[in-house]
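One letter stands for each residue in the lines below.
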Amino acid sequence: MSNHKIYVTRPFLPPLEELIPHLQQIWASGQLTNGGPYHQQLEAELARYLGVPHVALFANATIGLVTALQSLRITGEVITTPYSFVATAHSLLWNGIKPVFVDIDEKTLNLDPSKIEAAITPQTTAILPVHCYGHPCDVESIQKIADDYNLKVIYDAAHAFGVKTGTGSVLNHGDLSVLSFHATKVFNTFEGGAIVCPDAKTKERINHLKNFGFANETTVVATGINGKMSEFNAALGLLQLKYVEQAIERRQAIDQRYRELLNRCPGIQCVDGVAGETANYAYFPILVGSDFPISRDALYDLLASRGIHARRYFYPLISDFPMYKGLPSAQPHLLPVARRMASQILCLPIYPDLSDAEVETIAGIITQA
């Protein structure tokens, strides 16, 4: 084990020889970007696979979040979670919007709907929740609050590729959902992302915004950005789509094996999904309780000393970073659940190439600690 390092994730890649014909096609066409044939095909195939009306591809999910906020003309204050990757809140600051942090639910680790209303002010224009680890938010409760207060809802769905609830794809909720196709995700295009759009008109506006605001060769209709996905990334995505079901099945098997090995370990709690969800097994988070013999950070160090690089997703909280900690909503006493979870969370390695023996070694180190 000492020479062989295991990271929290390892990107899934299709067979290299299958990519070569696509590269030859790109070379022959000479079209490398600007909505070429692979780009258009991937948008159509993703919409079909995910069960959503329209998909607008992006260079990455962060630019997708920034553009989603722009497209809905969000201003003022937006209610969001402190328990996420920094890009969630950064996308607000990049738009000159004030993040308002609200505590999370201790079971789902998602934004707690019961805490949202108290945070609404006359300046609030939207809610930006995260489907944390791919587990669906309480979309009905969030939508009811949004309807009552005339707020927009943009979901950071970076973790939620392919996730479904009883009503179908979780990506169909809210005004917009933003996906990540980063190398670390269940479905990756090396770098990439997408906005799920409810109708053709919304997709058209988003397409203008991600291409500098151009409506045609001589007409600029908005203050756009360059958020386009290249033909290379799109071609890779089409190949990845062939294998994504197989990758998710393997992730599910790893998830199940971890649970078998850790469920009776005192002080270790496996984070459960939401009732009725079709999961994608993007992460395997555990909570290291006070009754575990060593602290979470000591366990993190112990695993690292054995070549196993788990991650403390999400620690520190976004609200603890310098650009956010001065906000009134970032005060520690207002976010007790998020603080507790951030101090206990540890995401264990999970990816399709992780072997059963490696899973057993990881679980063994934890149970023997």
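Just above sits the structure.
Residues numbered from 1 in each chain as written. Predicted model: local features only at pLDDT ≥ 70, side-chain atom pairs only at ≥ 80, totals over all residues. Heavy atoms only, no water.

1. As for the overall build of the protein chain
Then, number 1: Within the protein chain, the regular secondary structure consists of 10 helices and 14 strands.
Then, number 2: Relative to a compact globule of 369 residues, whose C-alpha radius of gyration would be 21 Å, the protein chain shows 21 Å and is just as compact.
Then, number 3: Its C-alpha atoms give the protein chain principal-axis dimensions of about 65 × 55 × 40 Å.
Then, number 4: Here the protein chain holds 369 residues, and 53% of them are scored as buried.
Then, number 5: Across the protein chain, contacts joining residues at least 24 apart in sequence account for 70% of those joining residues at least 6 apart.
Then, number 6: Summed over all atoms, the accessible surface of the protein chain reaches about 16,200 Å², with 53% contributed by carbon and sulfur.
Then, number 7: Charge-centre separation for the protein chain: the mean point of 29 positive side chains lies 4 Å from the mean point of 35 negative side chains. (Helix = DSSP H or I, 4+ residues; strand = E, 2+ residues; numbered from the N terminus. Rg over C-alpha atoms; globule rule 2.2 N^0.38 Å. Buried < 20%, exposed > 50% of the residue type's maximum accessible area, 1.4 Å probe, protein only. Contact = heavy atoms within 4.5 Å. Areas by Shrake-Rupley, 256 points an atom, 1.4 Å probe, with all protein chains shown as cover. Lys, Arg positive; Asp, Glu negative; His and termini not counted. Charge placed at Lys NZ, Arg CZ, Asp CG, Glu CD.)

2. Observations regarding the environment of histidine 182
Then, number 1: Relative to the elements of secondary structure, histidine 182 occurs in the loop between β9 (176-180) and β10 (193-197).
Then, number 2: Judged by relative accessible area, histidine 182 falls into the partly exposed class, the value being 28%.
Then, number 3: With 24 residues separating them in the primary sequence, histidine 182 and alanine 158 have C-alpha atoms 8.9 Å apart.
Then, number 4: Residues within four places of histidine 182 in sequence aside, it is in contact with Phe187, Asn188, Phe190, Glu191 and Gly192.

3. Some remarks on the sheet that holds strand β5 (residues 124-128)
Then, number 1: As summarised here, the arrangement of the 7 strands in space is β2-β10-β9-β6-β5-β3-β4, forming an open sheet in which the pairing is mixed. Unpaired on one side and paired on the other, β2 (54-58) and β4 (98-101) mark the two borders of the sheet. When strand polarity is set aside, the average angle formed by the axes of neighbouring strands in this sheet is 25°.
Then, number 2: Helix-sheet contacts for helix α2 (residues 37-50) involve β2 and β9, and the interaxial angle to β2 is about 130°. (Pairing = 2+ DSSP bridges. Axes fitted to C-alpha atoms, helices over the stretch in contact; angles between N-to-C directions.)

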